[in-house]
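Results of the structural survey
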Amino acid sequence: MTKVDLLITNAQVFNVFLRKFVQTTVSVKDGKFYWIDQNLDGIEAEEVLDLTGKYLIPGLVDAHMHIDSSMTTPAIMGKTIGKYGTTTIIADDHEITNVAGIEGLKNFIDQPAPIDIFFGIPSSVPSTNDQMETTGGKIGVPEVEELLKDPRFICLGEVMNFKGMTAEGPTLIKDIIATCRKNRPTMPLEGHVPAYAGEDLAKVIFAGVTTDHTQQTAALVDEKVRNGMFVEIQLKSMHQEVIDTIIKHQYFEHVALVTDDSMPDVLLTSHLNNLVRKAISMGMKPEDAIYISTYTPARHMGLWDRGAIAPGRIADFVILDNLEKFEISDVYKNGRPFLDDYQESKYDFLPELRHSINASKLAEQDLKLTTDLVENGTVIANIIQLNEVGTFTNHVKKKLQVKNHQVQWQQAGLALIMVQDRYGKNQAHFQLGLVDKAIIGDGAVGATWAHDHHNLMVMGTNIAGMIRIQHQLIEQQGGYIAAKGEKIVANAPLPIGGVVSDQPMDILGEQIKQIRQTMRDLGYKNTNEIMSFSTLSLLVSPNLKISDKGLFDVKSQKKVPLFELSSIKKV
């Protein structure tokens, strides 16, 4: 007689290898699945779980996400998403690494969590180079070699530097890729490959990148899969034509659903389960949607001990009441009800992470946009223009009036943006730019959560409001703040590295919800207002972005002047 801890009976059990549900009996022993068959003769169980009328699936596996990009800690993230069925994540925490380097990263990831967390080695810290952005940390070959010795790091985090990957001769990112290939030949190399096709895509794959998670179209998914890439589908890529392409060509072996950046207010209600539910509603069979959120991501990441209900696999599983609606009844971790065995403990983050904002306070005079090119007349400005979907921007040019050297940007319906070095490497160093189709009401928004360099960034139409936000961000050591007129009306403090809160998710989520609503009230239009603003500083996401070093064209990495000399017209 074999004794087991748990016997699960009468459930419709998802077999990932057959990609179908089978009514069978499942046994669990020592936190792992033991024997699975219709009749388990000779098995004696301490507990029997009768799941008549219910469905049993493996715990969800999120192969590409960022804990710090959700502005939270590993422990709070685990407690939050575990109840939604996500029991394993692979986190690329390059936000905290940009802020505090490898020591900050190691301190951040050491916090215990109630789910299993594996990590990607941050590959692009900074995402470009010192000439384009200021960061608090750097990752080079020695740091990569150190992290490769830690078994928790199972992939190379998203490689962003297209120019570094495709340039002739040696580059840092090429050296990092070579180091990973030498020490871990089978390690997946995650990529950040936005809108690259044809020879540009071939160059990235040739450089060694195996995976992409960025904003997809049907044509890009098809081209990437046909060229051997594993494609991770996040929510903003879940267009009907993308899902139809995956179904039509049966690309299920080559794709996975991932969350990438989950905002705290979204985490109040869902995580990866929302993408599974959406895929089903868009015409994907439930079996296929579950397959690409459990088995394919685990297999892609080399995690052969999970992602399936089979002997020897970790007994992480989700009980569903309704398959089509993906309604979760309960979640088990290591064969036990989620959080039953979890004991939360106090964890101390490094003092350096608690005091990471070292910037000087500005005055309203500092934000007056002037030019010495002409006293009275017009100039042509290079402007960041937002889109209502996604984080890509457009590079547009507009003729602006100049009076007494002051640029009349308000008359053109634009918003002013300011990015300031927050690391104390140049106390007074900041850059100004202009943004179209952003805030049109009277107010401002600002954050030290500004991808990926996380310098202090404020945008608005009200200069006094912008200054109030800048001062408050310094005083509280980071955060995300919105103002109407001169008054701050929404504030989410982020005191850990200026990018992470240690507040419970229900508190942080409500704070971010208020900021999002304020941005909408001010006329900001985007499918994800929070991420849209914070990626105006992301120098690897097309097309025109800004840092503390100025405006840059993303693909060429060339600096773009705010005003063009050749466009001056005197009056």
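Residues numbered from 1 in each chain as written. Predicted model: local features only at pLDDT ≥ 70, side-chain atom pairs only at ≥ 80, totals over all residues. Heavy atoms only, no water.

Going by what an unreviewed UniProt entry lists, the chain is known as Adenine deaminase and is assigned to Lactobacillus gigeriorum DSM 23908 = CRBIP 24.85. Per UniProt, the chain has the following entry under Cofactor (unreviewed entry): "Mn(2+)". Among the UniProt annotations of the chain, the heading Sequence similarities (unreviewed entry) holds the following wording: "Belongs to the metallo-dependent hydrolases superfamily. Adenine deaminase family." (UniProt positions renumbered as here; feature names shortened; annotations may be inferred.)

1. Focus: the packing of aromatic side chains
The description of two aromatic rings rests on the distance between their centres and on the angle between their planes. Tallied over the entire structure, the rule returns 12 aromatic pairs. Here Phe17 and Tyr295 contribute two aromatic rings whose centre-to-centre distance is 5.5 Å and whose plane-to-plane angle is 75°, an arrangement assigned as edge-to-face. In this pair, Phe17 sits in the loop between β1 (2-15) and β2 (20-29) while Tyr295 sits in helix α11 (residues 295-300), placing the two residues 278 residues apart along the sequence. Judged by its relative accessible area of 11%, Tyr295 falls in the buried class. (Phe/Tyr/Trp six-rings, centres within 6.5 Å; stacked < 30°, edge-to-face > 60°. Helix = DSSP H or I, 4+ residues; strand = E, 2+ residues; numbered from the N terminus. Buried < 20%, exposed > 50% of the residue type's maximum accessible area, 1.4 Å probe, protein only.)

2. Some words on the packing of helix α3 (residues 141-148) against helix α5 (residues 172-183)
Orientation of α3 relative to α5, taken along the N-to-C sense of each, is 25°, at an axis distance of 10 Å. Put simply, α3 runs roughly parallel to α5. Crossing of α3 over α5 shows right-handed handedness. From α3, Val141, Val144, Glu145 and Leu148 reach across to α5, where they touch Leu172, Asp175, Ile176, Thr179, Cys180 and Asn183. Across the contact of α3 with α5, the residue classes tally to 6 nonpolar, 2 polar and 2 charged. (Axes fitted to C-alpha atoms, helices over the stretch in contact; angles between N-to-C directions. Parallel < 35°, antiparallel > 145°, perpendicular 65-115°, else oblique. Left-handed = near helix turned anticlockwise from the far one by under 90°. Contact = heavy atoms within 4.5 Å. Nonpolar A, V, L, I, M, F, W, Y, C, P; charged D, E, K, R; others polar.)

3. Looking at the UniProt feature "domain: Amidohydrolase-related" (unreviewed entry) in the chain
Sites flagged by UniProt as "domain: Amidohydrolase-related" (unreviewed entry) map to residues 55-336. Across residues 55-336 one finds 35% helix and 20% strand; the C-alpha atoms that close the span lie 17 Å apart.

4. A word on the nonpolar core
Counting 161 residues, the largest nonpolar core has Trp449, Met459, Tyr480 and Phe533 as its most contacted members. When residues of this core are assigned to domains, at least three fall in each of domain 1 (57-338) and domain 2 (357-565). Core analysis: the next-biggest nonpolar cluster, separate from the first, contains 15 residues, Val28, Phe33, Ala315 and Ile319 among them. (Core = buried A, V, L, I, M, F, W, Y, C linked by side-chain atoms within 4.5 Å. Domains from an automatic or database assignment.)

5. A short note on the sheet that holds strand β9 (residues 153-159)
Judged by pairing direction, the sheet is parallel, and its 8 strands sit side by side in the order β6-β7-β8-β9-β10-β11-β12-β13 without closing on themselves. Looking along the sheet, the strands with just one partner apiece sit at the ends: β6 (60-65) and β13 (255-257). Of the pairings in the sheet, the one linking strand β7 (residues 86-91) to strand β8 (residues 116-121) comprises 4 bridges and is parallel in character. When the bridges of β8 are listed, Thr88 appears paired with Asp116. The sheet strands contacting α5 are β9 and β10 (189-191), and the helix crosses β9 at an angle near 160°. (Pairing = 2+ DSSP bridges.)

6. A look at the pairing of β8
Judged by how many residues are buried, β8 sits mostly within the fold: 5 of 6 residues are covered. Traced from β7 through helix α2 (residues 94-109) to β8, the parallel crossover comes out right-handed. The pairing of β8 with β9 spans 3 bridges and is parallel. Bridge pairing links Phe119 to Phe153 in β9. (Right-handed = clockwise from strand over helix to strand, strands pointing away.)

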